[in-house]
Amino acid sequence: MRKLFLALGMTLLLTSISATPIHIHNTASAEDETPPYAKWGRLAMKETKSEYPDADIVDYLHVGSQTSNNETTQKFKLWLKEETKEYGVFIDIKFNNETEEVLQITFEETTQ
């Protein structure tokens, strides 16, 4: 499971920083393969690093999303490691669908 988190996180990281398109079957680029939640995943990692400055992010997972009315909540789980402990953090990012204005970011620690 942790390998899956790491693979997903590395894919997101490499996709977000790649300046050169990678061609797949000569018709699609890596940019075309970027999942719609990628920008929210980058924000989740940035905000987690700000909230937990002494921790390293070692795994990443997009848990899913919930949409209601004019708002969407993107849900992520990041696995953090400090010198003496490892733990997970669920991050929910709620935003306005039309403006993409962030309305709320919540963090919840977990041992699983």
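Draft legend 1. Focus on the overall build of the protein chain. Counting its secondary structure elements, the protein chain contains two helices and four strands. Every one of the 112 residues in the protein chain was classed for burial, and the buried ones make up 32%. The long-range share in the protein chain, meaning contacts at least 24 apart out of those at least 6 apart in sequence, stands at 41%.

Draft legend 2. Layout of the pairing of strand 4 (residues 102–110). Sheet topology places strand 3 (residues 86–96) next to strand 4; eight bridges connect them, and they run antiparallel. Its bridge partner lying in strand 4, I93 is registered against I105.

Draft legend 3. The arrangement of the sheet that holds strand 3 in detail. The strand order across the open sheet formed by four strands is 1-2-3-4, and the pairing between neighbours is antiparallel. Unpaired on one side and paired on the other, strand 1 (56–68) and strand 4 mark the two borders of the sheet. Going from strand to strand, the sheet's axes swing by 15 degrees on average, the running direction of each strand aside. Each of strand 1, strand 2 (71–81), strand 3 and strand 4 is contacted by helix 2 (residues 38–51), which is oriented at about 50 degrees to strand 2, the strand it contacts most.

Draft legend 4. The environment of N69, seen in detail. Assignment of secondary structure puts N69 in the loop between strand 1 and strand 2. Between the C-alpha atom of N69 and that of N96, which follows or precedes it by 27 residues, the distance is 9.4 Å.

Draft legend 5. Local environment of helix 2. With 14 residues, helix 2 should reach 20 Å at 1.5 Å per residue; the first-to-last C-alpha distance of 20 Å fits that figure. When helix 2 is considered as a whole, its buried residues turn out to be A38, W40, G41, L43, A44, M45 and T48.

Draft legend 6. Broad picture of the packing of aromatic side chains. Counted under the stated rule, the structure contains five aromatic pairs. Arranged with centres 5.9 Å apart and planes meeting at 55 degrees, the rings of Y52 and Y87 form a pair that is tilted. A residue pair is termed long-range when its members are at least 10 positions apart, and Y52 in the loop between helix 2 and strand 1 and Y87 in strand 3 qualify at 35 residues. For the residue pair Y52 and Y87, the accessibility class agrees, reading buried in each case. Aromatic side chains Y52 and F107 sit 6.1 Å apart centroid to centroid with 75 degrees between the ring planes, which places their arrangement in the edge-to-face category. Of this pair, Y52 sits in the loop between helix 2 and strand 1 while F107 sits in strand 4; the two residues are 55 residues apart in sequence, bridging distant segments of the chain.

Scoring rules and cut-offs
Residues numbered from 1 in each chain as written. Predicted model: local features only at pLDDT ≥ 70, side-chain atom pairs only at ≥ 80, totals over all residues. Heavy atoms only, no water. Helix = DSSP H or I, 4+ residues; strand = E, 2+ residues; numbered from the N terminus. Buried < 20%, exposed > 50% of the residue type's maximum accessible area, 1.4 Å probe, protein only. Contact = heavy atoms within 4.5 Å. Pairing = 2+ DSSP bridges. Axes fitted to C-alpha atoms, helices over the stretch in contact; angles between N-to-C directions. Expected span 1.5 Å × (residues − 1). Phe/Tyr/Trp six-rings, centres within 6.5 Å; stacked < 30°, edge-to-face > 60°.

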